[in-house]
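# Structural overview for review
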Amino acid sequence: MLIGHAFEEGVLHLSLPGDLAHTSRSAADLEAQALAHAHRPRHVRVQLSTADPTPASLSVLSRVRRFCENVRIPLTVVGPVTVAATPLQE
């Protein structure tokens, strides 16, 4: 699979790679749609893995957004997860 996914409590969590190649764009879009059809989520959440995604990743995000609008599934897009460094206790 090109995209990561998880399904919990009615929410389909999709993770788009930040380095998705143009040649993989259509396959990633089809995966996202197939997952939405299979799980019938009440909400879709897309996680971008980088602050600077490739044009292909943005294209997939746009296609997922359009798909969700057409089937009336709310969509949330979140940016990359950052972990704050904590000082070591000595």
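These numbers were taken from a predicted model, which means no experiment stands behind them.

Positionally, His22 belongs in the loop between β2 (11-16) and α1 (25-39). For His22, a relative accessible area of 56% puts it in the exposed group. Along the primary structure His22 and Pro55 are separated by 33 residues, whereas in three dimensions their C-alpha atoms are 7.7 Å apart.

One non-glycine residue, Glu9, lies in positive phi territory at about 50 degrees. Within the secondary structure layout, Glu9 lies in the loop between β1 (4-8) and β2. Accessibility expressed as a relative area gives 72% for Glu9, which makes it exposed. Its identity is not glycine, yet Arg40 carries a phi of approximately 50 degrees, on the positive side. Considering the arrangement of structural elements, one finds Arg40 in the loop between α1 and β3 (43-48).

Definitions and limits used
Residues numbered from 1 in each chain as written. Predicted model: local features only at pLDDT ≥ 70, side-chain atom pairs only at ≥ 80, totals over all residues. Heavy atoms only, no water. Helix = DSSP H or I, 4+ residues; strand = E, 2+ residues; numbered from the N terminus. Buried < 20%, exposed > 50% of the residue type's maximum accessible area, 1.4 Å probe, protein only.

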